[in-house]
Amino acid sequence: MRKVGIGIVGLGNISAAYLKAAQSFPVLDIKAVADLNPAAAAARAAEFGVKAVSMDEIFADPEIEIILNLTIPKAHVEVGLRAIAAGKHVYSEKPLGVVFAEGKKLVEAAKAKNLRVGSAPDTFLGGSHQTARRIVDEGQLGQAVGGTAYFMCPGHERWHPNPAFYYEAGGGPMLDMGPYYITDLVNLLGPVAKVSGFGTMLRDTRTITAKERNGEVIPVHVATHVSGTLVFANGAVVQISMSFDVAGHKHVPLEIYGTDATLVVPDPNNFGGQVEIFKKGGEWTNVDTDQPYADGNYRSIGLADMAHAIVENRPHRCNGDLALHVLEVMEAFETSARSGQAVEITTPVTRPAPLGTSLVDGKLGR
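It should be emphasised that the depicted structure is a prediction, and the values quoted were computed from it without experimental measurement. Note that residues are indexed from 1 along each chain, following the sequence as it is written. Residue-level local features of this predicted model are given only where pLDDT is at least 70; pairs of side-chain atoms are given and counted only at 80 or more, and the full residue set underlies all totals for whole chains, interfaces and linings. In computing side-chain values, all of the structure's heavy atoms are included and hydrogens and water are not.

Here's the deal with the pairing of strand β7 (residues 192-200)
And then number 1: Any two strands with at least two DSSP-identified bridges between them are counted as paired. Helix numbering and strand numbering both begin at the N terminus, where a helix is a DSSP run of H or I of at least 4 residues and a strand a DSSP run of E of at least 2. Note: β7 against strand β10 (residues 225-232), eight bridges, orientation antiparallel. Across the sheet, Gly199 pairs through a bridge with Val226, a residue of β10.
And then number 2: Where β7 and strand β16 (residues 343-344) come together, two bridges link them in antiparallel fashion. The residue of β16 that forms the bridge with Val195 is Val343.

Now the structure itself:
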């Protein structure tokens, strides 16, 4: 198997999960890592036995085909454009960007140079979510009616060592957690056609309780409770709430309603979890997960699928069009909240192919 050279830019909190998960995918050849803070790059490089280089070196390295962009959200497009300018494909941590117009610029720049854009989340490729996808594709739910999507917590300042960016422009619960939920919904139901949304910012400061900066007060500049409705092209209507203001709740993460059955889909921030189905006239039943990658944190599978797609000359699943569609949907909540009007979604997107079509002996590219 031909390996694909990977260079990682941005060695923050999430980079360890990517580097660890990458070990599960032989197609990924981590050539080097780089960060604006050389000490952070050196520490992560030593932890995983890879090479730390400067930012200039990583973009110039001819052995690197894909830049894995793990910088903070507001730097995603800037770093992505630099990768494209250097003739490299780019795979970004979510979201694709913090402004739809900038994300569109990145996708268009890549297409102009015949390069690929990929973006997290890739959790919808996990075994539980692919099992849910199979159930939908088999028609077990009947006609799609609607659903619900909920992520609500008191805020990330409870645990994150550097949470300020969650409350700056480009942050907030929709751009932070919305990608997981909306991407999984597109995987299950197809493209979104229209959005209606509301948002509130009830506090203008937050107090950090994570031990590294306990007691420090940070400002809030974005809506911290966002709710609304997604109308899908197939007619399904899904209610959604993303919040950093809620002490606790008892909603399931995702519920999909059909005329013949209701499907409970587990947390789309994870690869596994229990899928449940309630068929009309029956009772709730647990569904056995029959797809791989449900037993751990495979936060590199989207990158691996992209690498295999480059080698095999096929579309990759966590692609730029999907990420741009999700970004437009998320931005539409703010636009709708300001205008008081529903917002039409303009970006076309095709549901990603089920992961099973690329599996060999139950694994990706084996």
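Things to note about the environment of Pro161
And then number 1: Checked against the element boundaries, Pro161 lands in the loop between β6 (144-152) and α7 (173-189).
And then number 2: Among the residues examined, Pro161 registers a relative accessible area of 19% and is labelled buried.
And then number 3: For the pair Pro161 and Arg213, spaced 52 residues apart in sequence, the C-alpha to C-alpha distance is 6.7 Å. The rule is simple: take the accessible area with a 1.4 Å probe, protein chains only, and divide by the maximum for that residue type; under 20% is buried, over 50% is exposed, in between is partly exposed.

Let's talk about the packing of aromatic side chains
And then number 1: For this analysis, a ring pair means two rings from Phe, Tyr or Trp (six-membered ring only for Trp) whose centres lie within 6.5 Å, classed as stacked if their planes differ by under 30 degrees, edge-to-face if by over 60, and tilted for the remaining angles. Enumeration according to the criterion identifies nine aromatic pairs in this entry.
And then number 2: Residues Phe271 and Tyr298 carry aromatic rings whose centres are separated by 6.1 Å and whose planes lie at 85 degrees to one another, so their mutual orientation is edge-to-face. Taken together, the residues span a long stretch of sequence, with Phe271 in the loop between β13 (261-265) and β14 (275-279) and Tyr298 in the loop between β15 (284-287) and α8 (301-312) at a distance of 27 residues. No difference in accessibility class separates Phe271 from Tyr298, as the two residues are buried.
And then number 3: Sitting over the face of the ring of Tyr293, Lys363 holds its NZ or CZ atom 4.8 Å from the ring centroid. Here, a charge over a ring is recorded when the distance from Lys NZ or Arg CZ to the ring centre is within 6 Å and its angle to the ring normal is within 35 degrees.

As for the sheet that holds strand β5 (residues 117-119)
The strands that make up a sheet are held in pairs by hydrogen bonds between backbone atoms, and each pair lies either parallel or antiparallel.
And then number 1: Strand order in the open sheet formed by five strands is β2-β1-β3-β4-β5, and the pairing between neighbours is parallel. In this open sheet, the two edge strands, each paired with only one partner strand, are β2 (28-34) and β5. Each strand of the sheet is rotated relative to its neighbour by a mean of 25 degrees, with strand direction disregarded.
And then number 2: Inspection of the sheet shows strand β1 (residues 4-9) paired to strand β3 (residues 66-69) by four bridges, in the parallel sense. Looking at β3, one finds that Ile6 is bridged to Ile66.
And then number 3: Should any heavy atoms of two residues lie within 4.5 Å, those residues are considered in contact. Lines fitted to C-alpha atoms define the axes here, with helix axes fitted over just the stretch in contact, and angles between the N-to-C directions of these axes take values from 0 to 180 degrees. Across the sheet, helix α4 (residues 76-85) lies against β1, β3 and β4 (89-92), angled at about 160 degrees from β4, the strand it touches most.

A look at the pairing of β1
And then number 1: The element β1 is extensively covered by neighbouring structure, given that six of its six residues are classed as buried.
And then number 2: Residues of β1 alternate between two faces, with Val4, Ile6 and Ile8 on one and Gly5, Gly7 and Val9 on the opposite face, all of them buried.
And then number 3: The sheet contact formed by β1 and β2 spans six bridges and is parallel. In the strand pairing of β2, Gly5 is matched with Asp29.

A few points about unusual backbone geometry
And then number 1: At the junction of Lys94 and Pro95, the peptide bond is cis and its omega measures out at -10 degrees in the coordinates.
And then number 2: As for its position among the elements, Pro95 is in the loop between β4 and α5 (100-112).
And then number 3: Unusually for a residue other than glycine, Asn313 sits at a positive phi of about 55 degrees.
And then number 4: Tracing the sequence through the fold places Asn313 in the loop between α8 and α9 (320-339).
And then number 5: Here the phi dihedral of Asp361 falls at roughly 50 degrees; this positive angle occurs in a residue that is not glycine.
And then number 6: Mapped onto the secondary structure, Asp361 falls in the loop between β17 (359-360) and β18 (363-364).

Re the sheet that holds β6
And then number 1: As summarised here, the arrangement of the nine strands in space is β15-β14-β13-β12-β6-β11-β10-β7-β16, forming an open sheet in which the pairing is mixed. With one partner strand each, in any of the chains shown, β15 and β16 form the two edges of the open sheet.
And then number 2: Where β6 and strand β12 (residues 254-258) come together, five bridges link them in antiparallel fashion. Within β12, the position partnered with Ala149 by the bridge is Leu254.
And then number 3: Where helix α6 (residues 127-137) meets the sheet, it contacts β13, β14 and β15, and its direction lies at approximately 165 degrees from that of β13.
And then number 4: Along the sheet, α7 makes contact with β6, β7, β10, β11 (237-243), β12 and β13, crossing β11 at roughly 155 degrees.

Focus on the side chain of Asp176
And then number 1: Tracing the chain through its elements places Asp176 in helix α7.
And then number 2: Here Asp176 falls in the buried class, since its relative accessible area comes to 9%.
And then number 3: Among the polar contacts listed, one links the side chain of Asp176 to the side chain of His156, at a separation of 2.6 Å.
And then number 4: If sequence neighbours within four positions are ignored, Asp176 has contacts with Lys94, His156, Tyr166 and Phe244. Nitrogen and oxygen atoms within 3.5 Å of one another constitute a polar contact, given that in protein one can donate a hydrogen and the other can accept it, and given that sequence-neighbouring residues count only through two side-chain atoms.

Describing the pattern of salt bridges
And then number 1: By definition, a salt bridge exists where a carboxyl oxygen of Asp or Glu is found within 4 Å of a side-chain nitrogen of Lys or Arg. For the coordinates displayed, the defined rule picks out 23 salt bridges.
And then number 2: Asp305 is paired through a salt bridge with Arg314; the nearest N and O atoms lie 2.9 Å apart.
And then number 3: A relative accessible area of 0% places Asp305 in the buried class.
And then number 4: For Arg314, a relative accessible area of 16% gives the class buried.
And then number 5: Three or more residues are tied together by salt bridges with common partners; here these are Glu157, Arg203, Arg206 and Asp245.

Some points on the side chain of His160
And then number 1: Take His160: it is sitting in the loop between β6 and α7.
And then number 2: By relative accessible area, His160 is classed as buried at 6%.
And then number 3: With near-sequence residues (within four places) excluded, His160 lies in contact with Asn13, Phe165, Tyr166 and Ala210.

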